[in-house]
Each structure stands twice: as C-alpha cells, then as structure tokens.
Amino acid sequence: MILLVAINSKYVHTNLAVRYLYQLCKEIYPCKYLEFNINQPLHEVLYEILTKKPEYVAISTYIWNRSYVEKLVEGLKKARKDIKIVLGGPEVYFDRLDDWQYVDFIIKGEGEYPLLEFCSCIATGRKFAEKDYPPFDLKDLPFAYEDEILDQNRIYYYESSRGCPFKCSYCLSSIEKGVRFAPLEKVFEELEYLFKKNVRLIKFVDRTFNVNKERAIEIIEFCKKYSQNTQVHFEIDPTLLDDDIILALNSSKQGLFRLEIGLQSFNPKTLDAIDRVYDIERIDKNLKKVLSNKNCIVHLDLIAGLPYEDFITFKKSLDSTVLYFADEVQLGFLKMLKGTKIRNEAQKYNYEFFDHPPYEVVSNQFISFEEIYKLKRIEELIDKIYNRQYLYYLLRYIFKKTSPSEFFEKLSQKIDSNLNTKEFIKKLYYVVKEQFISDSMILNNLFKFDILRKFPEEFLPEELSITKEHKETIKQAVYSIDFKRLGFESAKEILRKGRACLFEFDIERFIEDNSIEKGNFLYIFFEQSFEKYKL
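Residues numbered from 1 in each chain as written. Predicted model: local features only at pLDDT ≥ 70, side-chain atom pairs only at ≥ 80, totals over all residues. Heavy atoms only, no water.

**Quick notes on the sheet that holds strand S3 (residues 56-60)**
On the basis of which strands lie adjacent, the open sheet formed by five strands has the order S2-S1-S3-S4-S5 and parallel pairing. Among the strands making up the open sheet, the edge pair consists of strand S2 (31-37) and strand S5 (105-106). One ladder, built from two bridges, connects strand S4 (residues 84-88) with S5; its direction is parallel. Its bridge partner being in S5, Val86 is matched across the sheet by Phe105. Against the sheet, helix H1 (residues 16-25) touches strand S1 (2-8), S2 and S3, its axis set at about 175 degrees to S2. Together, S1, S2, S3 and S4 form the strand contacts of helix H3 (residues 66-79), whose direction differs from that of S4 by roughly 165 degrees. (Pairing = 2+ DSSP bridges. Helix = DSSP H or I, 4+ residues; strand = E, 2+ residues; numbered from the N terminus. Contact = heavy atoms within 4.5 Å. Axes fitted to C-alpha atoms, helices over the stretch in contact; angles between N-to-C directions.)

**Topic: H1**
Burial runs high along H1: eight of the 10 residues are buried. Inspection of H1 places Leu16, Val18, Arg19, Tyr20, Leu21, Gln23, Leu24 and Cys25 among the buried residues, and these make up the whole buried set. Lining the buried residues of H1 we find S1, S2, helix H4 (112-124), strand S6 (155-158) and strand S7 (161-162). For H1, the N-terminal capping position is held by Asn15, with its side-chain oxygen 2.9 Å away from the main-chain nitrogen of Ala17. (Buried < 20%, exposed > 50% of the residue type's maximum accessible area, 1.4 Å probe, protein only. Polar contact = N/O pair within 3.5 Å; in protein donor to acceptor, adjacent residues only side chain to side chain.)

**Observations concerning the side chain of Asp450**
Positionally, Asp450 belongs in helix H16 (residues 440-454). Excluding residues within four positions of it along the chain, Asp450 makes contact with Tyr390, Leu391, Tyr392, Tyr393 and Leu394.

**Topic: the packing of aromatic side chains**
Applying the stated criterion to the full structure yields 47 aromatic pairs. On the numbers, 6.3 Å between centres and 85 degrees between planes, the contact of Tyr349 with Tyr351 is edge-to-face. The exposure class of Tyr349 is buried, given its relative accessible area of 3%. Among the residues examined, Tyr351 registers a relative accessible area of 6% and is labelled buried. A ring pair is formed by Phe455 and Phe459, whose centres lie 5.0 Å apart and whose planes are at 20 degrees; its orientation type is stacked. Judged by its relative accessible area of 11%, Phe455 is buried. Among the aromatic residues, ring-to-ring pairing joins Tyr392, Tyr393, Phe449, Phe503, Tyr523, Phe525 and Phe530 into one connected group. Lying across the ring of Tyr359, Arg343 places its NZ or CZ 5.1 Å from the centre. One cation-aromatic arrangement involves Lys384 over Phe424; the distance from NZ or CZ to the ring centre is 4.4 Å. (Phe/Tyr/Trp six-rings, centres within 6.5 Å; stacked < 30°, edge-to-face > 60°. Lys NZ or Arg CZ within 6 Å of the ring centre and 35° of its normal.)

**Side note on the pairing of S2**
Where S1 meets S2, seven bridges bridge the pair, whose relative direction is parallel. Bridge pairing in S2 links Asn8 to Asn37. Each parallel crossover has a hand, and the one from S1 via H1 to S2 is right-handed. (Right-handed = clockwise from strand over helix to strand, strands pointing away.)

**Let's talk about the sheet that holds strand S10 (residues 231-236)**
Within the open sheet, the six strands sit side by side as S6-S9-S10-S11-S12-S13. Their pairing is parallel. Edge positions in the open sheet fall to S6 and strand S13 (328-333), since each of these has one partner strand only. On average, each strand axis in the sheet is tilted by 25 degrees relative to the strand beside it, whichever way the strands run. As paired elements, strand S9 (residues 201-204) and S10 share three bridges and run parallel to each other. Pairing of Lys203 across the sheet is with His233, part of S10. Lying over the sheet, helix H12 (residues 369-387) contacts strand S12 (297-304) and S13, oriented at roughly 160 degrees with respect to S13.

**Details of the packing of helix H10 (residues 311-322) against H12**
Relative orientation of the contacting elements H10 and H12 amounts to 10 degrees, with a least axis distance of 11 Å. In terms of their interaxial angle, H10 and H12 are classed as roughly parallel. For the element pair H10 and H12, the recorded crossing hand is right-handed. Contacts from Phe311, Phe314, Leu318 and Val322 of H10 reach H12 at Glu371, Lys374, Leu375, Ile378, Ile382 and Tyr386. Among the residues forming the contact of H10 with H12, the class breakdown is eight nonpolar, no polar and two charged. (Parallel < 35°, antiparallel > 145°, perpendicular 65-115°, else oblique. Left-handed = near helix turned anticlockwise from the far one by under 90°. Nonpolar A, V, L, I, M, F, W, Y, C, P; charged D, E, K, R; others polar.)

**What to know about the packing of H1 against H4**
H4 packs onto H1 with a crossing angle of 45 degrees between their chain directions and a minimal axis gap of 10 Å. Between H1 and H4, the interaxial angle falls into the category oblique. By crossing handedness, the relation of H1 to H4 is classed as right-handed. Every residue of H4 that contacts H1 at Tyr20, Leu21, Leu24 and Cys25 is listed here: Glu112, Leu115, Leu116 and Cys119.

**Looking at the pattern of salt bridges**
One side chain can pair with another of opposite charge once the charged atoms of both are near each other. Counting across every chain of the model gives 45 salt bridges. Where Asp95 meets Arg66, a salt bridge forms, and the shortest distance between an N and an O atom there is 2.7 Å. Taken together, the residues Asp95 in the loop between S4 and S5 and Arg66 in helix H3 connect sequence positions 29 residues apart. Arg485 is the salt-bridge partner of Glu531, the closest N and O atoms lying 3.1 Å from each other. (Salt bridge = Lys/Arg side-chain N within 4 Å of Asp/Glu carboxyl O.)

Written out as structure tokens, the structure is:
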C-alpha cells in the first residue's frame, strides 16, 4: 500500500496534491492518504503513519514543511528499514537523491503522470525510472474532494488553471511554460458541489486568476449566482484588470470575494529588475475602482529585499500601498527559492540569505540586515494595528499628517507587538498621545471609538474609561430608542449585547470631511456594525 502524506502549515489547510494522486492512483495500486500539520508532535505523526503499515510513504514537500519532513523520513526509516520513501512537491524539484539520506525516490515536477507510472511499475514488478512527462491535461484531473466529509472550519483549495503568463524572477511559477485551463463545465460542477456543502472558504490556487478575462468573469458570475455563505479567494493581477471584470467583482454581495493582489513594489527600477510586468498608473486606477464600493475584501502584498529597493524606497512603496486603505496589507520578505532567476543572480546583487527554508533574505547591496529587522518590526505592527483594525478611524486621521511608514517606524521603537492585548492598547494610546496627536479631544474620542468597535469597555485605557455619570446618561438614552427597529426585544438586551458610549462630536462626519460637529453623540457597537444617535 502507498500512503500519501500531506504535512500542512495549519490544521485549517487542505492539500490538493494528495487528494488528486489518491483519486488517480487508487485503481492501479492500493492507496490511502493522511493529512497532518507542522504543529503536531513528530512522534504522533510517525505513529499514525506506521500503524497503517504502508510499503511506500509518499510525501508532498514545500518550503514550510521541509524541516519537518527531514525529521519525519529519518524517523520512518529508523523505525522500519524496509519502508520506501518517495518525495515530491516544489521543494524537491531541484534536489538530487543524494541530498536526502533516508529517501528512496524523488518525483520532480507535476506529480500526476509520474506517480501513475510509479504505481503501475510496482503493481507489475517493473523498475521505476524517472523520465520527462508532458503537462497533465486538467480535464482529466479528478475532483479532489469527491466522497469526502467536508469540515466547515477548513479552507478548501481549488485549481482551475496551472501556470502563469508572467516571469517574475523571484517566483517558481516563472519556470513553467504557458497557462493551462480546466474546462469550465468541470469547474462549475465542482464549485457547485462545494457551494452546496456550504464550506466557509474556497481558495483558488490559480497563480493569475484573471489571465483570461472572459473566463474569469464567467467564474465570478457563477460564484455570485450559486454561493450562499461561501467566500471565494482569487489571486488577481492588477495590471490585467479592466472595467468589465471590476464591474463583475464590485456588483457582488459584500464579502463574497477575497482578492489577493501582489503589488510587490512601486519602484520602477525594482520592477524592471525582477521582470515584473507593470503599469503603475493603470494599477492605481484599477485599485481605486475595486476599492470604491468595499464589496470585495482586498489584500495587498509587498515584498521587502528586492533589487534596487533600499530602506527609503521601500517605505515609499509601503506608503503608497497603505494609503489605498485596503482591508489588509502584507509586508513579506523575499524568499530566495531554488531554481528561480533571482537566486541565480544572488552574486550580482550581493544577496545573503538563509541556507535553510524558507531561504529568506538577510541582506543585499541595497538593504542591510538592520534595515530588514526594522521592517520586520513594522510588519508586526501593521498586522496588529492595521489589518486587525485596532485603530481603523484614528489611522485615517493620523495619515493625513504623518506618512504610514513614519508612523509605524516610530511606533516600532516605542512598543512591543508581543504585549498582551490590554497592555498593547494601553501602551499604544500613550505613544500616539505623545508622538502623533496633540489635540486631546480628537485623540480621546477617536481612540475610544476604535477600541469599542472591536473590544469590550475594559480594554479602554484608564484615562478613557466611561464614568458612572456617562453610564447613567447612556442607559437613559438607550431606553429611549426604538429597540425593535434594531431587532431587539428590549433596551436591556441592547445594553447586554452591544457596547454603548457617548462621544463629543460626530465621528463619521469628522472622518469624512474633517469637520467637527460638537454635541452628545451616542454610538452603539455590535459585532459587525454600529448605530449613531444625536442626543
């Protein structure tokens, strides 16, 4: 029996490779598959595998699990010397068998044809010999989740195309030739199955979902028609967007689509050096259109450590990115992946990087390790404050006077992102007060507003705590409003389920046009919304 093994980075992830290979090979040779994650104790995983008594263990290998796989294959061989270990996946594509002491076979490239051949060989007693195979026809790809009991809490990955039209020098997809598509009727049938199962999230692994505009729009419209509660994630190239596809996305219900958009840099010299196809003016126009009605959740990516991108120019790219006010910004760090052009050019740019996965950059001739470290501190704060929306409205005020990079850089020198949430919020308040906002009325009202949007009252710094007098005023005000209009049975239920607070001016109006309409404004915060009343 061949046991196909996936070692995911998190429990919620699912592995397409082992499912495809299981569905393809099970009729040729007995197969099973198991999924684990890198957070599980190694001995537990070893035990689970060995209790299945496999003849062969085939493991899908990636940068995030290589270190774990190295220990796993050692344990398997030492526990059972007769077991045969097969490795596949992008992380071993450029490896030799000599690089792996405890491994018997390495399958390179797409796994479908080689593993079918491997199963046929062991079923008939023939010797398996590696050779070149044609690209696998996606119409013959089995549905990965057939007959599987689906877990609402997991992410279900889906593949409607393979390959990428671009040749970005840092990306493994750049070594593939062309783009192949699965037939749309197959895609629709399989998506409909997942929609009917009401899974939480379908994440397309297509490298550039919108490479074929007409096809992309057909899939978008299908998702709009058939998804009830399932969110769909696409990786989008911003240069290839146009008004037709933006209209299709923006006319969806709120939150249906999550778009991951790789910007990487706004420095033309950097983009040229990494062979990135770009049109900055077009990207700017397209992003503003996509973000205009807030129906799609938009995640923007940057990469630190690219050629010709020093600390100063990267901060400019960061400022440009943050000021779109997308839902999330990810500041990533260059990985010098085996086989990529940028790794082959390491000497040209004086790159230093870790020899072990994920092969992250340490420095190059443009940026020092100390500057990379500063960006890592900034990245932690962006994730905590910006992406988690700790200061959703306050940041919009601060960024009118202070650049995002300056704000986060100064903050990183004053505050530890690893503090527990209450302590972090308290420290955050005092740093913002000392460094960025001198007007105490604006600071106190905006800070209190942002924290109560996300957290209970006890998370407010002591200086902003709600007085007994205000609590009584709030209670009387809540009892006077039309609670049935809000879908509650009583005012008491509003006070129990919501978070109510008085503010000295209209917060929404202030953010919109910078004008202060003073008065007593009652805001009631619920999980996903808030209500405003002028007293």
